[in-house]
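Take a look at the letters that make up each chain.
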Amino acid sequence: MKTLNTLLAIAISTATFSASATEDAPAFGLHFGLGFGGDTLAEVEFDDGSDQEVKAGAGIILGGFVEAPLNDINGQPLFAKIAFSYMSDSVNATNGDASFTRFPFDALLMTQVDRIKLGAGITYHLNPTYEVDFGGIVSGEAEFDNALGLALEANLELPEGGYWDGVEVGLRYTSISYKADGGDVDGSGLAITMGTTF
């Protein structure tokens, strides 16, 4: 009986430790999104009369992230979110194209209330580059300085089960300005995102 009690105690302790370790383990994930806003860098008018713009705060977003739990404050969970992404806005026409690319690196402090994650922190955009090439009429490249900005983020975890297990949708606001010899460009904007952890 003593041996049985000892084994039960070890099993309970192991289960508790395993659950704690799982809860405290970092979570890795992937995200993508679409950004809107910022100053207009290029405006292209097509033959059909429509036009399309390249904006400093817009574009597709593709990247990965890690979420690491921190100590709770008064029972409220806190975790750090570190993300690295590729972001690009572009216009493609038959006679040329224009694009603005950058690589955002984010460090956010997050908390969670029910299925809603809220966070704020800094974002550092590496190698912001504007390129334009329209058949030799207008062509060139402008490299902006690496830029530091602020980011606010809110994500909603979708209900568990089925295809949506582990998926979250979010809204993100970035406040940032890119600097070059020619002056400043406002790259602030909103983004709609979707991500998943594994």
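Everything below is about the structure shown above.
For clarity, every value in this text was computed on a predicted model and none was experimentally measured.

Enquirer: In this structure, what is going on with the overall build of the protein? I would like to understand it.
Expert: Counting secondary structure elements, the protein contains one helix and 13 strands. In the protein, buried positions account for 33% of the 198 residues. The long-range share in the protein, meaning contacts at least 24 apart out of those at least 6 apart in sequence, stands at 58%. Here the protein has roughly 11700 Å² of accessible surface; of this, 61% comes from carbon and sulfur atoms.

Enquirer: What is the right way to read the pairing of strand E12 (residues 183-186) from this model?
Expert: In the case of a regular strand, side chains alternate between the two sheet surfaces. Sheet topology places strand E11 (residues 177-180) next to E12; four bridges connect them, and they run antiparallel. Note that in E12 the partner of Tyr-178 across the bridge is Val-185. Two successive antiparallel strands, E11 and E12, enclose a turn made up of two residues.

Enquirer: What am I meant to see in the layout of surface pockets here?
Expert: Of the volumes computed, that of the largest pocket is approximately 630 Å³. Residue lining of the largest pocket: 24 residues in total, with Ala-27, Glu-67, Gln-112, Lys-117 and Glu-157 positioned closest to the centre. For the lining of the largest pocket, the secondary-structure elements that each account for two or more residues are helix H1 (2-24), strand E4 (59-69), strand E5 (78-93) and strand E10 (167-175). No other element matches the three residues that H1 contributes to the lining of the largest pocket. Looking at the lining of the largest pocket residue by residue, the class counts come to 10 nonpolar, four polar and 10 charged.

Enquirer: Explanation requested: the pattern of salt bridges in the structure shown.
Expert: Side-chain pairs of opposite charge can arise where the charged atoms are in close proximity. Taken as a whole, this structure holds eight salt bridges when the rule is applied. When the shortest N-O distance is used, the salt bridge between Lys-81 and Glu-153 registers 2.6 Å. Of this pair, Lys-81 sits in strand E5 while Glu-153 sits in strand E9 (residues 147-157); the two residues are 72 residues apart in sequence, bridging distant segments of the chain. Across the pair, Glu-153 and Lys-81 agree in class, each one buried. The partner of Asp-106 in a salt bridge is Arg-172, with the nearest N and O atoms 3.0 Å apart. One end of the pair, Asp-106, is in strand E6 (residues 96-113); the other, Arg-172, is in strand E10, and 66 residues separate them in sequence.

Enquirer: In this structure, what is going on with a nonpolar patch on the surface? I would like to understand it.
Expert: Together, Phe-32, Leu-34, Phe-36, Ile-60, Leu-62, Tyr-86, Leu-152, Leu-171, Tyr-173, Leu-190 and Ile-192 make up a nonpolar patch on the protein surface, roughly 1000 Å² of accessible area in all. Elements represented by at least two residues in the nonpolar patch include exactly strand E1 (27-36), E4, E10 and strand E13 (189-197). Counting residues per element, the nonpolar patch draws most heavily on E1, which supplies three residues. Summarising the element assignment, Phe-36 is placed in strand E1.

Definitions and limits used
Residues numbered from 1 in each chain as written. Predicted model: local features only at pLDDT ≥ 70, side-chain atom pairs only at ≥ 80, totals over all residues. Heavy atoms only, no water. Helix = DSSP H or I, 4+ residues; strand = E, 2+ residues; numbered from the N terminus. Buried < 20%, exposed > 50% of the residue type's maximum accessible area, 1.4 Å probe, protein only. Contact = heavy atoms within 4.5 Å. Areas by Shrake-Rupley, 256 points an atom, 1.4 Å probe, with all protein chains shown as cover. Pairing = 2+ DSSP bridges. 1 Å grid on protein atoms, 1.4 Å probe; cavity = no way out; pocket = protein on both sides within 12 Å on 5 of 7 lines; lining within 4 Å. Points joined across faces, edges and corners; volume = space filled by probe spheres on them. Nonpolar A, V, L, I, M, F, W, Y, C, P; charged D, E, K, R; others polar. Salt bridge = Lys/Arg side-chain N within 4 Å of Asp/Glu carboxyl O. Patch = residues over 30% accessible without salt bridge, like charges linked within 9 Å, V, L, I, M, F, W, Y side chains within 5 Å.

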